[in-house]
Amino acid sequence: PSKSGNLKLIYLSLIAEKKNLLFLLNIINSTENVSLDIYGPVKDIAYWNKCKKVINKMSGKVKYCGTLLPSDVQHVLSTYHSLILLTRGENFGHALYESLSVGRPIITSHYTPWNNLKNNCAGWNVDIKLIEDCTAAVEELNEMSDSDYASCCEGAFELASNYYYSLNTGETYRRLFA
């Protein structure tokens, strides 16, 4: 999608303290021309209530959209500019991979297997202990030219493709059933 002055970010994950949504909300609140849609099941009601208090003060910049069926994930991700997940830890990060696989760059912490994003022109790994580092990544994406953004989308897709093909699933299945 064209950025046309308004960066559309998506958060797609469980709503729990480990996923760091409250921290993300503070970043979104401090940026201009950036909106965030939140998808995912609420796993920690007390934490979600803290998040809702912040959301209610943000005049429409953030919207909770509920959960997604797995069959809808890639289509929905493709309608946003970037997935942002400032998680405190992921074993794999399926939503991160799904975003990359539809050519959408990601903004995430270093606590996932998806690192060296900037070198791969596929997104940003940020230090979630430094709000200014996280904000800078959002602002860099927001200010990016359309051609640089298109390059990031290509880099994201290439990173996901390289990962998929490195699995060599065809050979693995042949050996499994041989």
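Q: Account for the overall build of the chain, with residues named and values stated.
A: Along its length, the chain carries seven helices and six strands. Traced from its N-terminal end to its C-terminal end, the chain shows the element sequence β-α-β-α-β-α-β-α-β-β-α-α-α. Taking 2.2 N^0.38 as the reference for a compact globule, 178 residues should give roughly 16 Å; the C-alpha atoms of the chain span a radius of gyration of 16 Å, in line with that estimate. In terms of principal-axis extent, the alpha carbons of the chain reach across some 60 × 40 × 30 Å. When contacts within the chain are restricted to residue pairs at least 6 apart in sequence, those whose partners lie at least 24 apart make up 67%. Of the accessible surface of the chain, which amounts to about 9,300 Å², a share of 51% is contributed by carbon and sulfur atoms.

Q: Tell me about the pattern of salt bridges, residues and numbers included.
A: Using the criterion set out here, one finds two salt bridges in the structure. Of the charged contacts in the structure, one is a salt bridge between E90 and K19, with a shortest N-O distance of 2.5 Å. With E90 in the loop between β4 (82-85) and α4 (94-101) and K19 in the loop between β1 (7-12) and α1 (21-29), this pair connects stretches of sequence that are 71 residues apart. Grouping residues by exposure puts E90 and K19 together as buried. Salt-bridge contacts for E140 lead to K118; the nearest nitrogen and oxygen are separated by 2.6 Å. Of this pair, E140 sits in helix α5 (residues 131-143) while K118 sits in the loop between β5 (106-109) and β6 (123-126), placing them 22 residues apart in sequence. On the accessibility criterion, E140 (34% relative accessible area) is partly exposed.

Q: Run through the packing of α4 against helix α6 (residues 146-166), naming residues and quoting values.
A: Two elements in contact, α4 and α6, have axes separated by 7 Å at closest approach and are oriented at 115°. Contacts between α4 and α6 pair Y97, L100 and S101 from the former with A156, F157, L159, A160, Y163 and Y164 from the latter. Split into classes, the residues belonging to the contact of α4 with α6 amount to eight nonpolar, one polar and no charged.

The rules we used
- Residues numbered from 1 in each chain as written.
- Predicted model: local features only at pLDDT ≥ 70, side-chain atom pairs only at ≥ 80, totals over all residues.
- Heavy atoms only, no water.
- Helix = DSSP H or I, 4+ residues; strand = E, 2+ residues; numbered from the N terminus.
- Rg over C-alpha atoms; globule rule 2.2 N^0.38 Å.
- Contact = heavy atoms within 4.5 Å.
- Areas by Shrake-Rupley, 256 points an atom, 1.4 Å probe, with all protein chains shown as cover.
- Salt bridge = Lys/Arg side-chain N within 4 Å of Asp/Glu carboxyl O.
- Buried < 20%, exposed > 50% of the residue type's maximum accessible area, 1.4 Å probe, protein only.
- Axes fitted to C-alpha atoms, helices over the stretch in contact; angles between N-to-C directions.
- Nonpolar A, V, L, I, M, F, W, Y, C, P; charged D, E, K, R; others polar.

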